[in-house]
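Chain by chain, the residues:
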Amino acid sequence: MLKASAAVIKSPNFSIPTLSSFHRQAHSTPLSSSSSSSLIVSNFKSGSPLQRLLLLPKMSTSFPSSTEPRPIPPLSAAYGDQAPLPEAPAKVLRRILDSPGVHQGPACFDALSAQLVERAGFQYCFTSGFSISAARLGLPDVGLISHGEMLDQGRQITQAVSIPVIGDGDNGYGNAMNVKRTVKDFIRAGFAGIILEDQVSPKACGHTRGRKVVSREEAVMRIKAAIDARKETGSDIVIVARTDSRQAVSFDESLWRSRAFASAGADVLFIDALSSREEMKAFCEIAPFVPKMANMLEGGGKTPILNPIELEDVGYKIVVYPLSLIGVSIRAMQDALRAIKGGRIPSPGSMPTFEEIKETLGFNSYYEEEKRYATSTGQVSWQRASSNTYSSQQRAQDDTQQRGQNSQDPVVEVLTPDAYYGPDGSKVPFAGIWSRTLRIKITGRDGIDKLDVRIPAGFLEGITNIVPALGGVNIKELLDDAAEELGGKLLIDFNDAMGDRIQVFLE
């Protein structure tokens, strides 16, 4: 049990130490890595089931480098300008592999899902070829997605987060030379690790039928090629060697290949589709100094689903959850579409508010950063004038379509009044128009007046704000002709598409 000095959560039935108090205690007492590990294991072995579950998240975060939740990545990361990490991603991942406990890594499929994994407090994540093929192509993971598509998606993911990402490199997309290119490309894309499997081309998704593997020699040579590519680039990317021979050949074959991968220099070993806890334990007993990866295929795969404590007891170091995010996304979208089709919108409890969505996507951070680059108020005036001009032109186009205007009708031309003044403010004919008034009158088909207003004649933009149907009329030309006339003059008289009579008088 924990020391008595730990803070306690009290309830009528039980009291347990809080995670934060245990976390503070663990870091206030100097411990070697071995003694720290012994303390944690002792606490897990002797604690109650509830205490063991509560302590679990701190098992894998008992070292200073992984104790604090990672901050939300800066907005600039989403634009390809990722803030530099204190350490290379591969080095961070290796430190995680060297730390005690089992480490969970949900699988993402795009930049947003990767960011959500990071913000949830996970130390690293995987990319899922199954999920990327589904999200990017809408196709099954049967070898249809290409090296370039996986690389492009992966690059967007690594640039969006600051945690290490282990990429799904499939079977390397060919022979040993293709494997070398794939590894080098994944390094340049910012991956901390890469999973390489021994399937033939085209490959098949794990836990599905039809899987076939290459020969032992070729499978080992792929791992050697991956390690050579790492050396040639001066990288330290983590090589995860996967074999699908358990399902394609036999369990014994998968153990042989895993030993050979370890001898070739693989950093992590992974046998997919193990069918029992006994097989999982036997796998973890080979090459004991090489970390083992577990695949907890949600929804009903061939491998038993074990909780993290059980996986650690068996001997695993890292565990991936490949379908959780894509699976719940599919179900949520299906539910939302059913609601919309039924004339409703998704229930408030099934989705975040608009404000929460904006916060998740970084709108608020963007607005704060945008303030650093604010310019003078002159730009605001320009934007307003541009917006007004566009709005007037758009209304004119809409009205032109509504009235079926032919090519002989006047072209829309909206100009601001100050454009008509000469250098001295009075030399051009239109300069005196501000002393005149435009009367706009609309009479309905029933003879009843709908509108009768007067505005300064120079306020041309205001006319189309009042009567959009006037947007297609070159009022400037009419005003030029009448600018020198005294008294009143009827400038416009027509019936619009609704049958209303529109008249404009210069007074």
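What you see is a predicted model; the values in this text were computed from it and never measured.

1. Quick notes on the overall build of the protein chain
Scanning the protein chain for helices and strands turns up 20 helices and 14 strands. Counting all 507 residues of the protein chain, 44% fall into the buried class. The long-range fraction of contacts in the protein chain, counting pairs at least 24 apart against all pairs at least 6 apart in sequence, stands at 66%. Of the roughly 26300 Å² of accessible surface on the protein chain, a fraction of 56% belongs to carbon and sulfur atoms.

2. A few points about the pairing of strand E3 (residues 103-108)
Across the six residues of E3, five count as buried, placing the element largely inside the fold. Sheet analysis places E3 next to strand E10 (residues 318-321), joined by four bridges and oriented parallel. Bridged to glycine 105 within E10 is valine 320.

3. Focus on a nonpolar patch on the surface
Side chains of Leu112, Leu116, Leu361, Phe363, Tyr366 and Tyr367 sit close together on the surface and give an oily, nonpolar patch of about 520 Å² of accessible area. Of all the elements in the fold, those that place two or more residues in the nonpolar patch are helix H6 (111-119) and helix H17 (363-370). When residues of the nonpolar patch are assigned to their parent elements, the largest contribution, three residues, is made by H17. You can see leucine 116 is positioned in helix H6.

4. Some points on the pairing of strand E13 (residues 489-495)
Direction of pairing for E13 relative to strand E14 (residues 501-506): antiparallel, over a ladder of six bridges. Residue aspartate 493 lies in a different strand from E14, and its bridge partner there is glutamine 503. In sequence, E13 turns back onto E14 through a hairpin of five residues, with glycine 499 there showing a positive phi of about 90 degrees.

5. Brief notes about the packing of helix H10 (residues 216-233) against helix H12 (residues 251-264)
Look at H10 against H12: their axes get within 9 Å of each other, and the N-to-C directions meet at 30 degrees. Our classification of the angle between H10 and H12 gives roughly parallel. Relative to H12, the crossing made by H10 is right-handed. Contact with H10, carried on its side by Arg216, Ala219, Val220, Ile223, Lys224 and Ile227, involves Glu253, Trp256, Arg257, Ala260, Phe261 and Ala264 of H12 and no other residues of that element. Classifying every residue of the contact of H10 with H12 gives eight nonpolar, no polar and four charged.

6. Comments concerning the side chain of arginine 257
Among the structural elements, arginine 257 can be located in helix H12. According to the relative accessible area criterion, arginine 257 is buried, its value standing at 4%. With sequence-adjacent residues up to four places away left out, arginine 257 is seen in contact with Asp198, Val213, Val214, Ser215, Arg216, Ala219, Thr243 and Ser245.

7. Comments concerning the nonpolar core
Proteins that are soluble and globular tend to have nonpolar side chains buried together. Val183, Phe283, Leu311 and Tyr316 are the most contacted members of the largest nonpolar core, which has 53 residues in total. In terms of residues, this core owes the most to one element, H10, which gives seven residues. Setting aside chain neighbours within four positions, we find leucine 311 in contact with Val102, Met280, Ala294, Met296, Leu306, Tyr316 and Val319. In this structure, Leu97, Val240, Val268 and Ile318 belong to the second largest nonpolar core, which totals 17 residues.

Calculation notes
Residues numbered from 1 in each chain as written. Predicted model: local features only at pLDDT ≥ 70, side-chain atom pairs only at ≥ 80, totals over all residues. Heavy atoms only, no water. Helix = DSSP H or I, 4+ residues; strand = E, 2+ residues; numbered from the N terminus. Buried < 20%, exposed > 50% of the residue type's maximum accessible area, 1.4 Å probe, protein only. Contact = heavy atoms within 4.5 Å. Areas by Shrake-Rupley, 256 points an atom, 1.4 Å probe, with all protein chains shown as cover. Pairing = 2+ DSSP bridges. Patch = residues over 30% accessible without salt bridge, like charges linked within 9 Å, V, L, I, M, F, W, Y side chains within 5 Å. Salt bridge = Lys/Arg side-chain N within 4 Å of Asp/Glu carboxyl O. Axes fitted to C-alpha atoms, helices over the stretch in contact; angles between N-to-C directions. Parallel < 35°, antiparallel > 145°, perpendicular 65-115°, else oblique. Left-handed = near helix turned anticlockwise from the far one by under 90°. Nonpolar A, V, L, I, M, F, W, Y, C, P; charged D, E, K, R; others polar. Core = buried A, V, L, I, M, F, W, Y, C linked by side-chain atoms within 4.5 Å.

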